[in-house]
Structures are given as C-alpha cells and as structure tokens.
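Here's the letter readout for the chains.
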Amino acid sequence: MVEMKPLSGRRKAYDRILRFLLYFCAALTCALLIFLIGSVGTTVGALSGFFLLHNLFPELYKVAAMFTGTYIGGSVNFVAMADTFGASGQMSSQAVVADNLLMALYFFVLIAMPSIAFFRRHYAHPLVDQVEAGQGGSTGEFWSAKPISLQNISFDIAATFIIVAVSTAIAGLFAQLFPAEGAGFILNQLLGNKYLIMTTLTMICATAFPKAFNDAPGANEIGTFLIYIFFAVIGAPASIVSILTQAPVLLIYALIIVAVNMLFSLVFGKLFHFNLE
C-alpha cells in the first residue's frame, strides 16, 4: 500500500504507531519473561524440596501441588490444587499457616531489599529513585471507594454461579467419558478437571463478551473477599505451635521453594538486566 502511494502521506503516523507497538510488546515480553523465570524457579524449588523431604512427609506431593500452584498463579490455585489432589482439611490448614508464616518473612525481605546496599549497587531501581526524588505516585486510587450498583453485584454473582455450574457439569461428563486409568488418564485429568474447564470457560466469556466481563465493577473485590473468607475458614483450625512441633517439614519445604525462586529471579534478572522492581 505504501509503494502504491495511498498511505505514503501518513508514514509518520504509522511510524509512531509502530514505535508504540514495539515498546508495548517489549514491555509485555519483559514481564512475561520475568514471570516465566519465576515460574521455573518455583517449579525447580518444589521438585528439589520434594526429593529432599518426601520421606519425612508421606503426602508431600499434595503440598507440592498446592504451593506450586499458589506461588505461580495466586491463591485461587491453592484451592484448586487442594481439591484436585484431595488434600485433607488438616493438611490444607497446616499448609496455609506454613505458607503465611514464610510469606510474611519473605515480604519483609522484599520490602527491605531496595534499602540494602548490595541490591542497590548491583540492580537498577528506577521506581525507588522516583520516590526518593518526590515524583512517586500514590496508592490512594487503588484503595479508594469504587462505584458499584446492585446490578453489578447481581451480574457478578449470577455469572459466577452459571460458570461454576456449567464447568462442573462439563468436567463430570468428561470424567465419565475418559476413565482415570490407562490411555484415558491424561484426558481425564485435563478435561475432567473442573478448575481447568472453569478457567477456559471464563476466558471464552470474557473474549466473546468483553464489555460485560471486562467492565464488571465489584468482581475483583467480591472475589478477593470470598478468597479471604476461605483462607480464614481453613486456617482457623491450624495452630502455629502444631506446625512447629508436628509438621515443621512444611515450613522447611516452603523455605526451599521460596529460596530457589528468589535465587532464579535474582540471577537471571541480573543476566537480563531487569531492574529491582
């Protein structure tokens, strides 16, 4: 088209668009690469810790699935893995407490890292520089009240119930079609997993109806509130004392995963020249 002249007069505009797209893709690529590095570090840590400690904790593979899921994909994956692998209530409670104890320490380390001379010397830290220069943004917008109507709440809850019900029915159908043995085992685990169906169905709905699903006020807040209730319920029966006396292996296991993840992130982050933030 450019050679035939119809668009040649707008070359500068297209150059600007192309430059913007290149920057946008580069940012996404960096974020994706950082995520993949962290995911690999978590997986390697989970496998390493499992082979070191599985003789000390008979069903450590269930905890491995829960920890790997939550460290890579968030708290919702903890729930999915616990249900998929049939973790007992006691095991889930102990895993939650062990995870929360270690995460509290881990976040203290992450918060302290920008102020540690070693990391400031070896890694770039543009956001810290902006804050120190008085140019940093505020978190007020994130925590401020957001407008939400009864219609928004109704849509969020109705859509959730419909997706969960349909996903459960589809997963149950596939679980019956493909027995969990022999050649059908993999298909049973994939297509018969309601959480995978649920995620896929949600993605299809959000893609097919972007205006309704992408602009759904209150969905994130309601979902976050419910997941907090879930963790409060399953964490309440657990005791920090019992974790330290009866299942200290879980704390050690979580520590191995987090340490390997951090090592991968720092080493490869340095190699690829990522900033500290």
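Preceding this section is the structure that the text describes.
Quick caveat: nothing in here was measured; it's all calculated off a predicted structure. Numbering of residues starts from 1 in every chain and runs along the sequence as written. It should be noted that, the model being predicted, local features are given only for residues of pLDDT at least 70 and side-chain atom pairs only at 80 or more, the latter also being counted only at that level, while totals for whole chains, interfaces and linings use all residues. Here the side-chain values reflect all heavy atoms present in the structure, with hydrogen atoms and water set aside.

## Details of the overall build of the protein
Then, number 1: Secondary structure follows DSSP: runs of H or I at least 4 residues long count as helices, runs of E at least 2 residues long count as strands, and numbering of each begins at the N terminus. Counting its secondary structure elements, the protein contains 14 helices and zero strands.
Then, number 2: Counted from the first residue to the last, the protein has its helices and strands arranged as α-α-α-α-α-α-α-α-α-α-α-α-α-α.
Then, number 3: In this scheme, a residue with accessible area under 20% of its type's maximum is buried, one over 50% is exposed, and one in between is partly exposed, where area comes from a 1.4 Å probe on protein chains only. The buried share among the 277 residues of the protein stands at 28%.
Then, number 4: Taking contacts inside the protein between residues at least 6 apart in sequence as the whole, the part at least 24 apart equals 74%. In what follows, a contact means two residues having at least one pair of non-hydrogen atoms within 4.5 Å.

## Observations concerning the nonpolar core
Then, number 1: We call a set of buried Ala, Val, Leu, Ile, Met, Phe, Trp, Tyr and Cys residues a nonpolar core when their side-chain atoms join them within 4.5 Å. In terms of nonpolar packing, the biggest core is built from 35 residues, with Phe57, Leu60, Val63, Met66, Phe67, Leu250 and Tyr253 touching the most fellow members.
Then, number 2: When contributions to this core are tallied by element, the ones reaching two or more residues are α1 (11-53), α2 (60-73), α3 (75-84), α4 (89-112) and α14 (248-271).
Then, number 3: Of the residues forming this core, the biggest block, 11 residues, is contributed by α14.
Then, number 4: Setting aside anything within four residues of it in sequence, one finds Phe67 in contact with Phe78, Ala95, Asp99, Leu250, Tyr253, Ala254 and Ile257.

## Some words on α14
Then, number 1: The end-to-end C-alpha separation of α14 is 35 Å, in line with the 34 Å expected for 24 residues at 1.5 Å each.
Then, number 2: In the segment just after α14, His273 is the residue with positive phi, at about 60 degrees. Each residue after the first adds 1.5 Å to the expected span of a helix.

## What to know about the side chain of Asn261
Then, number 1: Inspection of the secondary structure puts Asn261 in helix α14.
Then, number 2: Among the residues examined, Asn261 registers a relative accessible area of 14% and is labelled buried.
Then, number 3: Looking at Asn261, its side chain comes within polar contact range of the side chain of Thr42, at 2.8 Å. Here a polar contact is recorded for every N or O atom pair within 3.5 Å, except that within protein the pair must consist of a potential hydrogen donor and a potential acceptor, and residues adjacent in sequence are included only if both atoms are side-chain atoms.

## Describing the environment of Pro217
Then, number 1: The residue Pro217 is located in the loop between α11 (210-214) and α12 (219-235) in this model.
Then, number 2: Looking at Pro217, the relative accessible area reads 27%, which means it is partly exposed.
Then, number 3: Ignoring sequence-local partners within four residues, the contact set of Pro217 consists of Pro147, Ile148, Asn152 and Asp156.

## Focus on the packing of aromatic side chains
Then, number 1: A pair of Phe, Tyr and Trp rings is counted when the ring centres sit within 6.5 Å of each other, with Trp represented by its six-membered ring. The angle between the planes then sorts it: under 30 degrees is stacked, over 60 is edge-to-face, the rest tilted. Under the defined criterion, the tally for this structure stands at six aromatic pairs.
Then, number 2: With a centroid separation of 5.7 Å and 75 degrees between ring planes, the pair formed by Phe50 and Phe51 is classed as edge-to-face.
Then, number 3: Relative to Phe178, the ring of Phe174 has its centre 6.3 Å away and its plane inclined at 15 degrees; by these criteria the two rings are stacked.
Then, number 4: Classification of Phe178 by relative accessible area gives partly exposed; the value is 24%.
Then, number 5: In this structure an aromatic cluster arises from ring pairing among Phe67, Tyr71 and Tyr253.

## What to know about the pattern of salt bridges
Then, number 1: Just to be clear on terms, a salt bridge is a Lys or Arg side-chain nitrogen sitting within 4 Å of an Asp or Glu carboxyl oxygen. Counted by the stated rule, this structure contains two salt bridges.
Then, number 2: Residue Glu59 is joined to Lys62 by a salt bridge in which the shortest nitrogen-to-oxygen separation is 3.2 Å.
Then, number 3: The class of Lys62 is buried, set by a relative accessible area of 9%.
Then, number 4: In this structure, Asp83 and Lys194 form a salt bridge, with 3.7 Å as the shortest nitrogen-oxygen distance. Taken together, the residues span a long stretch of sequence, with Asp83 in helix α3 and Lys194 in helix α10 (residues 194-208) at a distance of 111 residues.
Then, number 5: For Asp83, a relative accessible area of 40% puts it in the partly exposed group.

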